[in-house]
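Here's the letter readout for the chains.
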Amino acid sequence: MQVEINTESLPVYEALASKVRLKIIQLLSTKRMNIKEIAEELQLSSAIITQHIKKLEEAHIVKTERIGHQKVVSLGIDKIEVNFPKKIFNAFSTVETFIPVGHYTDYSVEPTCGLASKDDFIGPVDEPRYFMVPERMSAQIVWFTKGFLEYQSPNLLNENDTLRMIEISFEISSEFPFSNNNWPSDITFTLNNHELGSWTSPGDFGDIRGKYTPDWYPDNLNQYGLLKTIRITEHGTNIDGDFLSPLTISDFDASIDTWKFRFEVKEDAKNLGGCTLFGKNFGNYNQDIKIKLFYS
């Protein structure tokens with residue numbers, strides 16, 4: 001689960017702000033339990049435990065199901081990630097380009113793979129040839145196990161502009177045939193034939209539905225990804241502040257017409273766990289792939 005520093009995420013923070021509820025989470029990390037078992041373990045009444053469970057359920061931290069006459073509780077997630085507001089670089093002017101995830105200009109993918117728009121799947125899944133049908137342009141989620149997707153963005157800087165930083169952000173996860181929160185994958189990023197480095201996605205997330213994932217999309221498939229931001233500066237290349245490579249902004253020719261950005265899962269990757277890209281109307285972030293140029 002990912003949460004933001006905003007009022008919409010308050011139910012999660014409030015649910016965690018209780019010693020009793022933290023103890024309940026610790027108990028449920030080992031096994032499913034019914035209300036009576038939790039009450040006995042914590043030496044509290046069933047009525048009080050029910051109120052605490054309701055608070056955790058509203059925050060999507062636990063889920064309950066009725067088995068016979070018993071209400072059984074289990075953890076609904078295994079991790080909560082808090083996204084702080086991004087730092088804003090005010091010193092430079094900026095220009096942004098948004099690229100829908102279906103607008104790749106080159107590809108080579110192997111199953112499991114597929115595409116979907118906000119309304120339906122685009123062709124049958126696990127058929128790489130459907131990655132070239134015209135309808136792919138409306139895709140807002142794409143996934144593959146091995147290979148690459150390459151996107152192009154225009155370089156809108158003028159001749160007298162000096163490029164200071166490139167920022168590329170996207171929502172991404174691994175690819176598992178259905179979903180698996182514990183499924184590492186080494187995903188390599190390349191910009192204009194310069195390999196920026198690799199990042200290991202921790203999983204293919206399906207513990208709760210994505211905020212923007214359409215209603216028709218099955219519950220048992222991956223629901224959302226992580227919002228990652230690559231920054232190339234004069235000091236090197238990082239991803240969310242973590243070192244990615246020593247490449248600096250001076251390694252890139254700012255006079256070119258086009259930026260070519262590639263997502264790749266290599267044949268020899270240590271963690272061969274695929275790649276899923278989420279665009280608008282899918283996942284937890286209502287955005288396409290964003291390329292932002294900072295210049296003076």
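Here is what the cut-offs are and how they apply
Residues numbered from 1 in each chain as written. Predicted model: local features only at pLDDT ≥ 70, side-chain atom pairs only at ≥ 80, totals over all residues. Heavy atoms only, no water. Salt bridge = Lys/Arg side-chain N within 4 Å of Asp/Glu carboxyl O. Helix = DSSP H or I, 4+ residues; strand = E, 2+ residues; numbered from the N terminus. Buried < 20%, exposed > 50% of the residue type's maximum accessible area, 1.4 Å probe, protein only. Polar contact = N/O pair within 3.5 Å; in protein donor to acceptor, adjacent residues only side chain to side chain. Contact = heavy atoms within 4.5 Å. Domains from an automatic or database assignment. Buried area = accessible area lost by both parts, 1.4 Å probe.

**Q** I keep staring at the pattern of salt bridges and nothing clicks. Help me out?
**A** Side-chain pairs of opposite charge can arise whenever the charged atoms involved come near each other. Under the counting rule described, the total for this entry stands at twelve salt bridges. A salt bridge links Lys146 to Glu110; the nearest nitrogen and oxygen atoms lie 3.4 Å apart. With Lys146 in strand β10 (residues 146-154) and Glu110 in strand β7 (residues 106-110), this residue pair connects regions lying 36 residues apart in the sequence. For Glu110, a relative accessible area of 35% puts it in the partly exposed group.

**Q** I keep staring at the side chain of Glu167 and nothing clicks. Help me out?
**A** Relative to the helices and strands, Glu167 resides in strand β11 (residues 163-173). Taking the relative accessible area as the measure of exposure, Glu167 reaches 5% and is therefore buried. At a separation of 2.6 Å, a polar atom in the side chain of Glu167 contacts the side chain of Arg231. If sequence neighbours within four positions are ignored, Glu167 has contacts with Thr229, Ile230, Arg231, Lys290, Ile291, Lys292 and Phe294.

**Q** When you look at unusual backbone geometry in this model, what are you seeing that I'm missing?
**A** In most cases, non-glycine residues show a negative phi, while peptide bonds are predominantly trans. Cis rather than trans, the peptide bond between Pro111 and Thr112 has omega equal to 5 degrees. Mapped onto the fold, Thr112 is located in the loop between β7 and β8 (114-116). The phi dihedral of Gln43 falls on the positive side, at around 55 degrees, and the residue is not glycine. Following the sequence through the fold, Gln43 ends up in the loop between α3 (35-42) and α4 (46-58). Of the residues examined, Gln43 reaches a relative accessible area of 72% and is grouped as exposed. For Asn193, which is not glycine, the phi dihedral falls at a positive 70 degrees. For Asn193, the location among the structural elements is in the loop between β12 (185-191) and β13 (194-201). Taking the relative accessible area as the measure of exposure, Asn193 reaches 78% and is therefore exposed.

**Q** Looking at this structure, I do not really get the domain arrangement of the protein chain. What am I missing?
**A** Where the parts come together, the accessible area they lose is often given as the size of the interface. The domains assigned to the protein chain are domain 1 (2-81) and domain 2 (87-295). Inter-centroid distance (C-alpha atoms) of domain 1 to domain 2 is 34 Å. Opposite the nine residues of domain 1 that make contact, domain 2 presents ten residues. Overall, the association of domain 1 and domain 2 removes approximately 750 Å² of surface from exposure, summing both partners, and the carbon and sulfur fraction of that is 39%. If you look at where domain 1 meets domain 2, you find zero salt bridges. At the surface where domain 1 touches domain 2, the tally comes to two residue pairs in polar contact (both at pLDDT 80 or more).

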